[in-house]
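What the coordinates show
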Amino acid sequence: MTTLSDLRSLWISAWIDDRDVLLESYAQILKLPDPQRRAAGIALLVDLPLTMGDVLAFKEEREEKEAAHGEIDQWKAQKEN
C-alpha cells in the first residue's frame, strides 16, 4: 500500500463518518460575508490533524512489519482503532 492510498483511506473515513457535518460546516463558511473570514474558515476546515511526517512514519512502520512477515492484518486493525 502506498502513502497516497493510506491517506485516501483517511479521507474516505472522514467523509463516511462526518460527511453531513463537513458539508454543513462548509455551507456555513461560504455564507460569511467577509472574504478573509471565509478563507480562514476554509483553512480551518481542511487542516487535518496529521502531518506528512506522521504518514511517512506510519508507512515505515508498516513496511517493517511486512518485511518481518508480521501479522499485518492485526497491525492494521490496531492502527484503525
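Residues numbered from 1 in each chain as written. Predicted model: local features only at pLDDT ≥ 70, side-chain atom pairs only at ≥ 80, totals over all residues. Heavy atoms only, no water.

1. Focus: the overall build of the chain
Looking only at helices and strands, the chain features 4 helices and 0 strands. Its helices and strands taken in sequence order, the chain reads α-α-α-α from the N to the C terminus. With 81 residues in all, the chain has 9% of them scored as buried. For the chain, the share of sequence-separated contacts (at least 6 apart) that also reach a separation of at least 24 residues comes to 31%. Put simply, the chain shows about 6,500 Å² of open surface, and 57% of that area lies on carbon and sulfur atoms. (Helix = DSSP H or I, 4+ residues; strand = E, 2+ residues; numbered from the N terminus. Buried < 20%, exposed > 50% of the residue type's maximum accessible area, 1.4 Å probe, protein only. Contact = heavy atoms within 4.5 Å. Areas by Shrake-Rupley, 256 points an atom, 1.4 Å probe, with all protein chains shown as cover.)

2. Structural notes on helix α2 (residues 35-46)
Counted at 1.5 Å a residue, the expected span for α2 with its 12 residues is 16 Å, and the 17 Å between its end C-alpha atoms agrees. A side-chain oxygen of the first residue of α2 lies 3.0 Å from the backbone nitrogen of glutamine 36; this N-cap is aspartate 34. (Expected span 1.5 Å × (residues − 1). Polar contact = N/O pair within 3.5 Å; in protein donor to acceptor, adjacent residues only side chain to side chain.)

3. Let's talk about helix α3 (residues 52-67)
The terminal C-alpha atoms of α3, which comprises 16 residues, lie 22 Å apart, in line with the 22 Å expected from a rise of 1.5 Å per residue. Directly after α3, the chain includes histidine 69, whose backbone phi takes a positive value near 55 degrees.

4. Topic: the confidence of the model for the chain
For the chain, per-residue confidence averages 77 on the pLDDT scale, and residues scoring 70 or more make up 69% of the total. Within the chain, the lowest mean pLDDT, 69, falls on helix α4 (residues 72-80), and the highest, 90, falls on α2. (pLDDT = per-residue confidence, 0-100.)

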